[in-house]
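Observations on the model geometry
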Amino acid sequence: MIEKKHFKSGFVTLIGRPNVGKSTLMNQLIGQKIAITSNKPQTTRNRIQTVYTSEEGQIVFLDTPGIHKAKNKLGEYMVTVAERTLNEVDVVLWLVEPSTFVGAGEQHIIEQLKKTKTPILLIINKMDMVKKEELFEVMKVYGGLMDFAEIIPCCAFTGENCKDVIASIMKYLPEGPKFYDDDVVTDQPERQIVAELIREKVLRLMDAEVPHGIAVSIESMKMRRHGHIMDIHATIVCEKDSHKGMIIGKQGRMLQQIGQNARFEIENLLDTKVNLQLWVKVKKDWRDSDFLIKNFGYDKNEY
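Remember, it's a predicted structure, so these values are computed and weren't measured experimentally.

**What to know about the pattern of salt bridges**
The tally for this structure, following the rule as stated, stands at eight salt bridges. With a closest N to O distance of 2.9 Å, Arg224 and Asp231 form a salt bridge. A cluster of three or more residues bridged by salt bridges with shared partners is formed by Glu200, Lys201, Arg204 and Glu265.

**Examining the sheet that holds strand β9 (residues 273-282)**
Strand order in the open sheet formed by three strands is β7-β8-β9, with mixed pairing between adjacent strands. The outermost strands of the open sheet, each flanked by one partner alone, are β7 (215-223) and β9. Adjacent strand axes in the sheet meet at a mean angle of 15°, parallel and antiparallel pairs treated alike. Where helix α7 (residues 241-248) meets the sheet, its contacts fall on β8 (229-238) and β9, and the angle it forms with β9 comes to roughly 155°. Of the strands in this sheet, β7, β8 and β9 are in contact with helix α8 (residues 253-270), which crosses β9 at around 135°.

**Some points on the confidence of the model for the chain**
When pLDDT is averaged along the chain, the result is 80; 76% of the residues meet or exceed 70. Mean pLDDT across the elements of the chain bottoms out in helix α9 (residues 290-295) (52) and peaks in strand β6 (residues 150-153) (97). Every residue in residues 38-46 is under pLDDT 50, and counting partners more than four places away or in other chains gives 48 contacts. This stretch, residues 299-303, has a pLDDT under 50; its non-local contacts, to residues over four places away or in other chains, come to nine contacts.

**Quick look at unusual backbone geometry**
With glycine set apart, most residues show a phi of negative sign, and most peptide bonds adopt trans. Located in the positive-phi region is Lys126, a residue other than glycine, with phi close to 60°. Phi at Gln251 is positive, roughly 55°, even though this residue is not glycine. Structurally, Gln251 can be placed in the loop between α7 and α8. Looking at Gln251, the relative accessible area reads 65%, which means it is exposed.

**Remarks on the pairing of strand β4 (residues 91-96)**
Counting buried positions along β4 yields six of six residues, so the element is predominantly enclosed. Taking every second residue as pointing to the same face, both faces of β4 are buried, with Val91, Leu93 and Leu95 on one and Val92, Trp94 and Val96 on the other. The parallel pair β4 and strand β5 (residues 120-124), bridged by helix α3 (residues 104-113), forms a crossover whose chirality is right-handed.

**Notes on the packing of aromatic side chains**
Aromatic rings considered in pairs are described by the distance between their centres and by the relative angle of their planes. Summed over the entire model, instances satisfying the criterion amount to three aromatic pairs. Consider the rings of Trp94 and Phe148, whose centres lie 6.0 Å apart with planes at 35°: the pair is tilted. With Trp94 in strand β4 and Phe148 in the loop between α4 (132-143) and β6, this pair connects stretches of sequence that are 54 residues apart. Phe148 gets classed as buried once you look at its relative accessible area, which sits at 14%.

What counts, and where the lines are drawn
- Residues numbered from 1 in each chain as written.
- Predicted model: local features only at pLDDT ≥ 70, side-chain atom pairs only at ≥ 80, totals over all residues.
- Heavy atoms only, no water.
- Salt bridge = Lys/Arg side-chain N within 4 Å of Asp/Glu carboxyl O.
- Pairing = 2+ DSSP bridges.
- Helix = DSSP H or I, 4+ residues; strand = E, 2+ residues; numbered from the N terminus.
- Axes fitted to C-alpha atoms, helices over the stretch in contact; angles between N-to-C directions.
- Contact = heavy atoms within 4.5 Å.
- pLDDT = per-residue confidence, 0-100.
- Buried < 20%, exposed > 50% of the residue type's maximum accessible area, 1.4 Å probe, protein only.
- Right-handed = clockwise from strand over helix to strand, strands pointing away.
- Phe/Tyr/Trp six-rings, centres within 6.5 Å; stacked < 30°, edge-to-face > 60°.

Printed below as a string of structure tokens:
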């Protein structure tokens, strides 16, 4: 394949504290929903790889789990994945919220960033939440903490200034070939994306009632013989019997709602009708089990 002159390509990671909007920004930049989002922290558990391609270049995004203080083996896995990525990419996007208060979490991230020579773009997300003069003050405070290649305010939810983020990334990428074909938007297996979409619906519908200890296992995904309907059997795994009851809900209504919401997005993803069957199982303390963590798709040896 003959590449155009000056075509750029490279790898970019999004880092930041949990729930700062990394997945929302990545979905916005590539124009398609790949990473799940919710108002619960630590939603992203794997390093999700997505691809943005234009005439100017190709950006491969790695959306890492949030950097935080680990409380169990799953947490340790998530932090390891996030911090290891910093030196493996061409550009780092560090997302922060528009606040002049720089807490211990941000200070920890700064310590990690100072160890790398990779260009760092500071992205001040949720710019719509503050006035312009407050935004300038936030930029000033963070600019005094370390040298950034650029500081860019944006709003991942509405898309405001997100084109500026793409343009800035391109400045720091080396010239190179396309790593993926033009129509590729992710390297995630369909089964994994489907599992994550179901997990997102549980997190959103249950809100504060069920803690973060939810995993989804896809038992089977098969297209029916005549190719019009995909049968998907999935199990929602939780840590306590009481959580199982809440996920199922009175007369099974909550589980039915989770299934309806998930099926809508899965059908859009797969572009086919879906018959989604859900079950709920209890696996106590699965987040501290190396075997179960790996079984649910979180293998630190793969990263």
